[in-house]
Amino acid sequence: RYIHMVLFHETGLIDGKVLEGQFQDAKLSQLEIAQLIELLREIQDDQDSMNLLIAYLERQHPSWQQDTGIQTPSPSSDTEMNEAQALDILGLENSATKEDVVLAHRRMMQKMHPDRGGSTYLATKINAAKELLLRTRQ
């Protein structure tokens, strides 16, 4: 609802655009840490937007929680993923095979795994995308 996140598959970089609220139309990368924290407080009614912003903060500002003292809940999702979203997450076309899905998943996890500076939320989404697509591929 509040954030449209973009994941650059080749590099693993992420950025996003604020869709509504006081920072509407701003890119996350253009906001100062204090503004990102203010945005986090503003979007608390949308769990998916919060998770995306937390993933961005964890990636771009690893010590943000220590610096702000904010405690965040464990990541969860308000929405079910569909095939188009799964393909987008893994950077695949509709014609992707099972092998394509497995390879794309591996590449994304190498960039977005929590142990490599990614986030639990994004890793969960990447895993869910793989599982959904493998169920729908012959």
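That block above? That's the structure.
All of these numbers come straight from a predicted model, not from anything done at the bench.

## Some details on the packing of helix H5 (residues 98–112) against helix H6 (residues 120–136)
Moving on, step 1. For the pair H5 and H6, interaxial distance at closest approach is 10 Å and the crossing angle is 175°. With respect to H6, the element H5 is oriented roughly antiparallel. In this structure, H5 contributes Lys98, Val101, Val102, His105, Met108, Met109 and Met112 to the contact, and H6 contributes Leu122, Ala123, Ile126, Asn127, Lys130, Leu133 and Leu134.
Moving on, step 2. In terms of residue class, the contact of H5 with H6 is made up of 10 nonpolar, 2 polar and 2 charged.

## A look at the pattern of salt bridges
Moving on, step 1. All told, the structure shown has 4 salt bridges when counted by the stated rule.
Moving on, step 2. We note a salt bridge from Arg1 to Glu20, for which the minimum N-O separation is 3.3 Å. Of this pair, Arg1 sits in the segment before strand E1 (3–7) while Glu20 sits in the loop between strand E2 (14–18) and helix H1 (33–42); the two residues are 19 residues apart in sequence, bridging distant segments of the chain.
Moving on, step 3. For Glu20, a relative accessible area of 28% translates into the label partly exposed.
Moving on, step 4. Its salt-bridge partner being Asp25, residue Lys17 comes within 3.8 Å of it at the nearest N-O pair.
Moving on, step 5. Judged by its relative accessible area of 38%, Lys17 is partly exposed.
Moving on, step 6. Shared partners join several salt bridges into a network, and the residues in it are Arg1, Glu20 and Asp45.

## Topic: unusual backbone geometry
Moving on, step 1. Here the phi dihedral of Asp25 falls at roughly 75°; this positive angle occurs in a residue that is not glycine.
Moving on, step 2. Relative to the assigned elements, Asp25 resides in the loop between E2 and H1.

## Side note on the layout of surface pockets
Moving on, step 1. Estimated volume of the largest pocket: approximately 640 Å³.
Moving on, step 2. Surrounding the largest pocket, 22 residues form its lining, Met5, Leu52, Gln85, Asp88 and Ile89 being those nearest its centre.
Moving on, step 3. The greatest single-element share of the lining of the largest pocket, amounting to 5 residues, is contributed by E1.

## Digging into the side chain of Lys111
Moving on, step 1. Relative to the elements of secondary structure, Lys111 occurs in helix H5.
Moving on, step 2. Sequence-distant contacts of Lys111, that is, excluding residues within four places in its chain, are made with His9, Glu10, Thr11, Gly12, Arg59 and Arg116.

How each quantity is defined
- Residues numbered from 1 in each chain as written.
- Predicted model: local features only at pLDDT ≥ 70, side-chain atom pairs only at ≥ 80, totals over all residues.
- Heavy atoms only, no water.
- Axes fitted to C-alpha atoms, helices over the stretch in contact; angles between N-to-C directions.
- Helix = DSSP H or I, 4+ residues; strand = E, 2+ residues; numbered from the N terminus.
- Parallel < 35°, antiparallel > 145°, perpendicular 65-115°, else oblique.
- Contact = heavy atoms within 4.5 Å.
- Nonpolar A, V, L, I, M, F, W, Y, C, P; charged D, E, K, R; others polar.
- Salt bridge = Lys/Arg side-chain N within 4 Å of Asp/Glu carboxyl O.
- Buried < 20%, exposed > 50% of the residue type's maximum accessible area, 1.4 Å probe, protein only.
- 1 Å grid on protein atoms, 1.4 Å probe; cavity = no way out; pocket = protein on both sides within 12 Å on 5 of 7 lines; lining within 4 Å.
- Points joined across faces, edges and corners; volume = space filled by probe spheres on them.

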